[in-house]
Every structure is written in C-alpha cells, then in structure tokens.
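# Coordinate analysis (summary)
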Amino acid sequence: LYQTELQHQPDKTYPVWHTPYNQLQAKQPNNIKVLNSLCPSEKVPFVPKNGRKVKWYTCGPTVYAPSHMGHARTYITFDIIRNILEYYFSYRVNLVM
C-alpha cells in the first residue's frame, strides 16, 4: 500500500517518490526523518520495509594512502547511528559494511 497524498516530484530528473505506508507502523510513534536522494528538497519519514527489522549496507572507506583518524570516522559514525536505532528506537538492525 502506498500513501498517494505524499507524492514528491521536486524535479523532472527524479522519479516520483511514494512514501511507503505500513498500517502496523502507522500506529507506532516514529519521529525519524531522513534525507532521500529521490526527493532531496525535503526530509521523508523513515519507514523500514520489514516492520522493526532494518537491513543496512554501507560501503567501507576506500583507502589509497596510509591510514589516519579520518578513516575511522565511517565506522564510528555508522556504529553510533546503529546504536541509536537499536537502543533508543528499538529497531533490529543488521548493519553490513
């Protein structure tokens, strides 16, 4: 099911974005908003495909020189976001990097 009144098309270069709608999640409070590259002009609700289970893949750093603290930033940042999703918002997150 899609909630058609939340259609976004800021520009012709992007396809029409329909915010996913899940009746079970609609009853649960969720104030998480994210930036979506398909509608970059505004934040959209974070709606996982499988209820409270989040599958998340992110590329690791591509390193062409000796390691430095900036390379660790990717790992630390995504670990912090994962912890917030799991322990504050009670999502089950499977993060693969």
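This text follows the structure it describes.
The structure contained in this document is the topic of the report that follows. All figures in this text were calculated on a predicted structure; none of them were measured in a lab.

## A few points about the pattern of salt bridges
Pairing of side chains with opposite charge becomes possible as their charged atoms draw close. The tally for this structure, following the rule as stated, stands at 2 salt bridges. For Asp 79, the salt bridge identified is with Arg 82, shortest N-O distance 2.5 Å. Here the residue Asp 79 and the residue Arg 82 both occupy positions in helix H2 (residues 69-88), the gap between them amounting to 3 residues, near one helical turn. A relative accessible area of 32% places Asp 79 in the partly exposed class. A salt bridge links Arg 82 to Glu 86, with the shortest nitrogen-to-oxygen separation between them at 2.9 Å. Of this pair, Arg 82 and Glu 86 are both found in helix H2, 4 residues apart, which corresponds to roughly one turn of the helix.

## A look at the layout of surface pockets
Taken as a whole, the largest pocket holds about 540 Å³ of empty space. Forming the boundary of the largest pocket are 20 residues, of which Val 34, Phe 46, Val 47, Pro 48 and Val 54 lie nearest the centre. When residues of the lining of the largest pocket are traced back to their parent elements, those giving at least two are strand E1 (33-35), strand E2 (43-45), strand E3 (53-57) and H2. The greatest single-element share of the lining of the largest pocket, amounting to 5 residues, is contributed by E3.

## Overview of the pairing of E3
Residues Val 54 and Trp 56 point to one face of E3 and are all buried, whereas Lys 53, Lys 55 and Tyr 57, pointing to the other face, are not buried. In terms of strand pairing, E3 meets strand E4 (residues 92-96) through 5 bridges, oriented parallel. Bridging from a neighbouring strand, Lys 55 pairs with Asn 94 of E4. Handedness of the E3-H2-E4 crossover: right-handed.

The rules we used
Residues numbered from 1 in each chain as written. Predicted model: local features only at pLDDT ≥ 70, side-chain atom pairs only at ≥ 80, totals over all residues. Heavy atoms only, no water. Salt bridge = Lys/Arg side-chain N within 4 Å of Asp/Glu carboxyl O. Helix = DSSP H or I, 4+ residues; strand = E, 2+ residues; numbered from the N terminus. Buried < 20%, exposed > 50% of the residue type's maximum accessible area, 1.4 Å probe, protein only. 1 Å grid on protein atoms, 1.4 Å probe; cavity = no way out; pocket = protein on both sides within 12 Å on 5 of 7 lines; lining within 4 Å. Points joined across faces, edges and corners; volume = space filled by probe spheres on them. Pairing = 2+ DSSP bridges. Right-handed = clockwise from strand over helix to strand, strands pointing away.

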